[in-house]
Amino acid sequence: KLKPKSQMIMVLMITLPTWINMLVRTYAWRGILDKNGLINSLLAVFGISPVKLLETTFAVVLGMVYNFIPFSKMDESYIQAANDLGANKVQAFFKVTLPLSVPGVISGITLVFLPAVSSFFIPKLLGGGQYVLIGNVIETQFLTTGNWGFGSAISLIMSIIIIVTMALARHIDKRISAKGGNA
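Throughout what follows, the structure given in this document is the object of discussion. (Residues numbered from 1 in each chain as written. Predicted model: local features only at pLDDT ≥ 70, side-chain atom pairs only at ≥ 80, totals over all residues. Heavy atoms only, no water.)

This brings us to the overall build of the protein chain. If you tally the helices and strands in the protein chain, you get 8 helices and 0 strands. The linear arrangement of helices and strands in the protein chain, starting from the amino end, is α-α-α-α-α-α-α-α. By residue count, 23% of the 183 residues in the protein chain fall in the buried class. Partitioning the contacts of the protein chain with sequence separation of at least 6, the portion at a separation of at least 24 is 56%. For the protein chain, the exposed surface amounts to about 12,900 Å²; the carbon and sulfur share of it is 69%. (Helix = DSSP H or I, 4+ residues; strand = E, 2+ residues; numbered from the N terminus. Buried < 20%, exposed > 50% of the residue type's maximum accessible area, 1.4 Å probe, protein only. Contact = heavy atoms within 4.5 Å. Areas by Shrake-Rupley, 256 points an atom, 1.4 Å probe, with all protein chains shown as cover.)

So, on to the nonpolar core. Leu33, Met64, Phe68, Phe121, Ile122 and Leu126 are the most contacted members of the largest nonpolar core, which totals 15 residues. Every element with two or more residues in this core is listed here: helix H1 (4-33), helix H3 (57-68) and helix H6 (121-127). Leaving out residues up to four positions away in the same chain, Leu33 has contacts with Ile39, Asn40, Leu53, Leu54, Phe58, Ala59 and Leu62. Ile138, Ile154, Met158 and Ile162 belong to the second-largest nonpolar core, a separate cluster that totals 5 residues. (Core = buried A, V, L, I, M, F, W, Y, C linked by side-chain atoms within 4.5 Å.)

As a further point, take the side chain of Glu139. Considering the arrangement of structural elements, one finds Glu139 in helix H7 (residues 134-144). Every residue in contact with Glu139, bar those within four places of it in the chain, is listed here: Phe120, Lys124 and Thr144.

Taken as a whole, this structure holds 2 salt bridges when the rule is applied. Where Lys52 meets Glu55, a salt bridge forms, and the shortest distance between an N and an O atom there is 3.9 Å. By relative accessible area, which is 59% here, Lys52 ends up exposed. Since its relative accessible area comes to 33%, Glu55 is described here as partly exposed. As a salt-bridge pair, Glu139 and Lys124 come within 3.0 Å of each other at their nearest N and O atoms. Of the two residues, Glu139 sits in helix H7 while Lys124 sits in helix H6, which places them 15 residues apart along the sequence. The exposure class of Glu139 is buried, given its relative accessible area of 16%. (Salt bridge = Lys/Arg side-chain N within 4 Å of Asp/Glu carboxyl O.)

A cluster of nonpolar side chains, namely Leu2, Ile9, Met10 and Met13, defines an oily patch on the protein surface of about 400 Å² accessible area. One can find Ile9 in helix H1. (Patch = residues over 30% accessible without salt bridge, like charges linked within 9 Å, V, L, I, M, F, W, Y side chains within 5 Å.)

Further remarks concern the side chain of Asn67. Along the chain, Asn67 falls in helix H3. Overall, the relative accessible area of 9% leaves Asn67 in the buried class. Of the polar contacts made by the side chain of Asn67, one reaches the side chain of Thr26; its length is 3.2 Å. Look past the residues within four positions of Asn67 in its chain and what remains in contact with it is Met22, Arg25, Thr26 and Ile122. (Polar contact = N/O pair within 3.5 Å; in protein donor to acceptor, adjacent residues only side chain to side chain.)

All right, on to the packing of aromatic side chains then. Each aromatic ring pair is summarised here by two numbers: the centre-to-centre distance and the angle between the ring planes. Applying the stated criterion across every chain yields a total of 4 aromatic pairs. Look at Phe93 and Phe94: their rings are 5.2 Å apart centre to centre, the planes differ by 80 degrees, and that puts the pair in the edge-to-face class. Judged by its relative accessible area of 52%, Phe94 is exposed. Between Phe120 and Phe121, the aromatic rings sit 5.9 Å apart at their centres with planes inclined by 90 degrees, giving edge-to-face as the arrangement. Like Phe120, the residue Phe121 is buried in the burial classification. (Phe/Tyr/Trp six-rings, centres within 6.5 Å; stacked < 30°, edge-to-face > 60°.)

Right, here's the structure in full:
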């Protein structure tokens, strides 16, 4: 059996590579939002005094959205075809864009939900530690208080919530796919 310190090092070695890219992007936002950062430098050019952007709710939300929102593009020819067949913009949206977007939205929610609820370094780096998400609570239980039992319990509850959410999303996706196949 490994000592607790060795266990922490092993966990860190396994998870560190997955964090680096996101961590670099989050640190870049610190530079952009800082008192002497890019945005305030641009504001100074126009004679506007610096605005506090870092360690705000805005910074945390911006960092979470930037790191977790997936973007996709739809083929414009579908909209053109709907227009050619006589659909106006509203009809094209409800008959083409929305049905084609729903599976992507469900996948996006599923892919974004887990990292968003477990994030702990974005609120710490961009929010100055004053914003606490469930990921911060779990991190504190494991690293600060050493209460591995409570941290594990919270993690297990979150895992169950995530599994239920993913099952629900899969069920909705199947219903939408079946409905689309019959049309």
